[in-house]
Each structure stands twice: as structure tokens, then as C-alpha cells.
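For reference, the chains in residue letters:
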Amino acid sequence: MSFNRSRRVRFADVDPAGIVFYPRYFEMINGMIEDWFDEGLGYGFDAMIVNGPHGVPLAHMDAEFKAPSRLDDTLDFTLVVRGLGRSSIKLTLTARCGGEVRMIARPTLVFIDGPANRPIAIPPTLRERMLSFEEII
């Protein structure tokens, strides 16, 4: 199963040439991850970070920009889990427009104890929910 969302490219997302300015993709990626935790996993950032003891900081990011996206394009984002460690969460996010791949990102997050700022094991129930989004090759 994958987590999917569509998003229109807005004026604030583009540079003077009218194409998505690459840092905006990173904001879109973060938005997808935040929505996935909230809607896909049932453990939103408010419950996890603001009112809870956990966090999921970014440890690594690999991104490929395959083709430009332009103002008013609709980007269809797909998020899948490509691997889980004890505390690490490896994801793949793909943005497509009309079936054409525009961007692929491979972030690695780390599940942490927020106050201690230390990696901890992903709780079993959360791990089980994450695995339901595992990429099947």
C-alpha cells in the first residue's frame, strides 16, 4: 500500500522561470511525511512532537529531479516505506505529473526520544502500521 496525495504547484513554489524551485520540493516532502504520520499512521506531529515525547528528524536525504514542474501543474505524490531499522525509517516519495516522474526523494528519518534527543526503537504498533506502507518489489 502507498500513501498518496495530489498538490497543485502554486506561484510561491516557482522561481522566475516558472519552474518549481528545488527547496520547495523539500517543503512538499515534509508536508507529505507530516500527512502520512497524521492520516496514514494515526500519530500526527501534534501528538508526537508538540504534546508527546517523540520526534522524527531527518538523518539523510537523496533526491533526483527528473523533469521540471511548472506553475499550476498537479503533482501526484506517492510515499512508500522502503525499509525499517530499529529506529530508522527509510521512505521513497515520488512526484508525478500526468504519469511523468518529476522528482524522487529518499529520506531517512530517525525515531527519537525528544527530550533526550536519542534514537529509540519504533514502538511495535507504530512499526506494524508503517509496514503496511512497505514497498513491494
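Here's a quick rundown of the structure. (Residues numbered from 1 in each chain as written. Predicted model: local features only at pLDDT ≥ 70, side-chain atom pairs only at ≥ 80, totals over all residues. Heavy atoms only, no water.)

### Quick look at the sheet that holds strand β3 (residues 58-65)
Moving on, step 1. Taken in spatial order, the 5 strands of this open sheet run β1-β4-β5-β6-β3, and their pairing is antiparallel. Both edges of this open sheet fall to β1 (3-8) and β3, since each of them pairs with a single strand only. Strand-to-strand twist of the sheet, defined as the mean angle between neighbouring strand axes without regard to direction, takes the value 20°. (Pairing = 2+ DSSP bridges. Helix = DSSP H or I, 4+ residues; strand = E, 2+ residues; numbered from the N terminus. Axes fitted to C-alpha atoms, helices over the stretch in contact; angles between N-to-C directions.)

### Section: the sheet that holds strand β7 (residues 112-113)
Moving on, step 1. Pairing within the open sheet is antiparallel, and its 3 strands lie in the order β2-β7-β8. In this open sheet, the two edge strands, each paired with only one partner strand, are β2 (54-55) and β8 (118-119).

### Examining the pairing of strand β6 (residues 100-110)
Moving on, step 1. Buried residues dominate β6, accounting for 8 of its 11 residues.
Moving on, step 2. In this structure, β3 lies alongside β6, joined through 7 bridges in antiparallel fashion. Its bridge partner lying in β6, F65 is registered against M103.
Moving on, step 3. Bridge count between strand β5 (residues 88-97) and β6: 8 bridges; the pairing is antiparallel. What sits directly across from S88, in β6, is V110.
Moving on, step 4. Taking the residues that link successive antiparallel strands as the turn, the β5-β6 hairpin has 2 residues, and the phi of G98 there is positive, at about 60°. (Buried < 20%, exposed > 50% of the residue type's maximum accessible area, 1.4 Å probe, protein only.)

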